[in-house]
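Residue-level listing of the chains:
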Amino acid sequence: MDVQLFTDSWWPLVLGGLTGTIPLALVSFAIGLVLALGVAMLRLAAHPVLSGVGRAYVSAIRGTPLLVQLFVIFYGLPSLGLTIDPWPSAVIAFSLNVGGYAAEVIRAAILSVPTGQWEAGYVVGMSRTRTLRRIVLPQATRVSVPPLSNTFISLVKDTSLASLILVTELFREAQEIAAFTSEFMLLYVEAGIIYWIFCTVLSFGQTRLERKLEQYV
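Residues numbered from 1 in each chain as written. Predicted model: local features only at pLDDT ≥ 70, side-chain atom pairs only at ≥ 80, totals over all residues. Heavy atoms only, no water.

Quick notes on the packing of aromatic side chains
Following the criterion strictly, the structure yields six aromatic pairs and no others. Summarising the aromatic geometry, the rings of F71 and Y75 are spaced 5.0 Å apart at their centres and angled 70 degrees between planes, so their arrangement reads as edge-to-face. Taken together, the residues span about one helical turn, with F71 and Y75 both in helix α3 (residues 66-76) at a distance of four residues. Taking relative accessible area as the criterion, F71 reaches 32% and is therefore assigned partly exposed. Residue classification places Y75 among the partly exposed positions, given a relative accessible area of 44%. With a centroid separation of 6.2 Å and 50 degrees between ring planes, the pair formed by F184 and Y188 is classed as tilted. Linking F184 with Y188, this pair stays in helix α8 (residues 184-214), spanning four residues, or about one helical turn. (Phe/Tyr/Trp six-rings, centres within 6.5 Å; stacked < 30°, edge-to-face > 60°. Helix = DSSP H or I, 4+ residues; strand = E, 2+ residues; numbered from the N terminus. Buried < 20%, exposed > 50% of the residue type's maximum accessible area, 1.4 Å probe, protein only.)

Structure (structure tokens):
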């Protein structure tokens, strides 16, 4: 193993993760959560058309590979006259994907809140929207933290797919250095180690957050 190459490439890879991978994951996850909440509301709607739209979206996202979704947006849309730069394409694809998976998490979390909580809101004169915002969602948030945290950690790893559409992030940096030095095994293992460190830190933060939320139960 070329120890000198390993040490010299460590910081560029970490920097690629901090300036490319993590921001891409954070932005995509934030947009995806907003989308997921809307889709969850559609899934819970009493109107069959609205519920059907939400169900169709979740089925389409969960039933197709993320790589296919990414390629459709970046390579497919230009054939329809719509060209999107690599970074926004990655954000759109990852956000849509998170929206499909997180919608089911949020829907299940809302359904886990006892019906009596809704009724209590109605008794004190709250509307359905206000009851949802003030009473139900805070309780559902605590329930949804573990699975949503796992979704985010998975998203951090999935951002490596963005390298296939030329987005500069951790794995893309590894590819470029490996192509220049021909040390593919070394660079890819090193990238894997850095991903593992990132995910370990995030898992530790998830555990701390869960313990803090348990104090209010």
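Structure shown, so let's carry the discussion forward.
Considering the nonpolar core
L24, A90, F94 and I110 are the most contacted members of the largest nonpolar core, which has 37 residues in total. Elements that contribute at least two residues to this core include exactly α1 (3-44), α2 (48-62), α3, α4 (86-112) and α6 (128-158). Take this core: its biggest share by element is 11 residues, from α4. Membership of the second largest hydrophobic core comes to 13 residues, among which are L170, A191, I194 and Y195. (Core = buried A, V, L, I, M, F, W, Y, C linked by side-chain atoms within 4.5 Å.)

Examining a nonpolar patch on the surface
Together, M185, V189, I193, W196, I197 and V201 give the surface a local cluster of nonpolar side chains, amounting to about 600 Å² of exposed area. You can see I197 is positioned in helix α8. (Patch = residues over 30% accessible without salt bridge, like charges linked within 9 Å, V, L, I, M, F, W, Y side chains within 5 Å. Areas by Shrake-Rupley, 256 points an atom, 1.4 Å probe, with all protein chains shown as cover. Salt bridge = Lys/Arg side-chain N within 4 Å of Asp/Glu carboxyl O.)

As for the side chain of N97
Inspection of the secondary structure puts N97 in helix α4. In this view, N97 contacts I61, L66 and Q69; residues no more than four positions away in its chain are not counted. (Contact = heavy atoms within 4.5 Å.)

A word on the UniProt feature "domain: ABC transmembrane type-1" (unreviewed entry) in the protein chain
Under the local residue numbering, the UniProt record ascribes the feature "domain: ABC transmembrane type-1" (unreviewed entry) to residues 18-206. The distance from the first to the last C-alpha atom of residues 18-206 is 19 Å, and the span holds 82% helix and 0% strand. (UniProt positions renumbered as here; feature names shortened; annotations may be inferred.)

A word on the confidence of the model for the protein chain
A low pLDDT means the predicted coordinates there should not be read in detail. Averaged over every residue, the pLDDT of the protein chain is 91; the share at 70 or more is 98%. Between the elements of the protein chain, mean pLDDT differs from a low of 82, seen in helix α5 (residues 115-123), to a high of 96, seen in α3. (pLDDT = per-residue confidence, 0-100.)

Some thoughts on the packing of α1 against α2
Remark: α1 packs on α2, axes separated minimally by 7 Å, with the N-to-C direction vectors making an angle of 130 degrees. Here α1 is positioned oblique relative to α2, judged by the angle of their axes. Here α1 and α2 pass one another in a crossing that is left-handed. Residues L35, V39, L42 and R43 of α1 lie in contact with α2, whose contacting residues are L50, S51, V53, G54, R55, Y57 and V58. (Axes fitted to C-alpha atoms, helices over the stretch in contact; angles between N-to-C directions. Parallel < 35°, antiparallel > 145°, perpendicular 65-115°, else oblique. Left-handed = near helix turned anticlockwise from the far one by under 90°.)

Here's the deal with the UniProt feature "transmembrane region" (unreviewed entry) in the protein chain
As annotated in UniProt, the feature "transmembrane region" (unreviewed entry) corresponds to residues 20-44, 56-77 and 185-205 in the numbering used here. Between the first and last C-alpha atoms of residues 20-44 the distance is 36 Å; the span itself is 100% helix and 0% strand. End C-alpha atoms of residues 56-77 are separated by 21 Å, and the span's content is 82% helix alongside 0% strand.

Quick look at α8
For α8, with 31 residues, the first-to-last C-alpha span of 45 Å sits near the 45 Å given by 1.5 Å per residue. Regarding α8, the residues found buried are L186, L187, E190, A191, I194, Y195, F198, C199 and Q206. Buried residues in α8 make contact with α1, α6 and α7 (170-181). (Expected span 1.5 Å × (residues − 1).)

So, the layout of surface pockets
As a volume, the largest pocket reaches approximately 400 Å³. Every residue lining the largest pocket is counted, 19 residues in all, and those nearest its centre are F29, L33, T141, S144 and L148. For the lining of the largest pocket, the secondary-structure elements that each account for two or more residues are α1, α4, α6 and α8. If one sorts the elements of the lining of the largest pocket by residue count, α6 sits on top with nine residues. The class makeup of the residues in the lining of the largest pocket is 14 nonpolar, five polar and no charged. The space that makes up the second largest pocket amounts to roughly 240 Å³. Taken together, M41, L44, A45, I110, L111, V113, T115, W118, R128, T129 and L132 form the lining of the second largest pocket. Put simply, the parts of the chain that give the lining of the second largest pocket at least two residues each are α1, α4, α5 and α6. (1 Å grid on protein atoms, 1.4 Å probe; cavity = no way out; pocket = protein on both sides within 12 Å on 5 of 7 lines; lining within 4 Å. Points joined across faces, edges and corners; volume = space filled by probe spheres on them. Nonpolar A, V, L, I, M, F, W, Y, C, P; charged D, E, K, R; others polar.)

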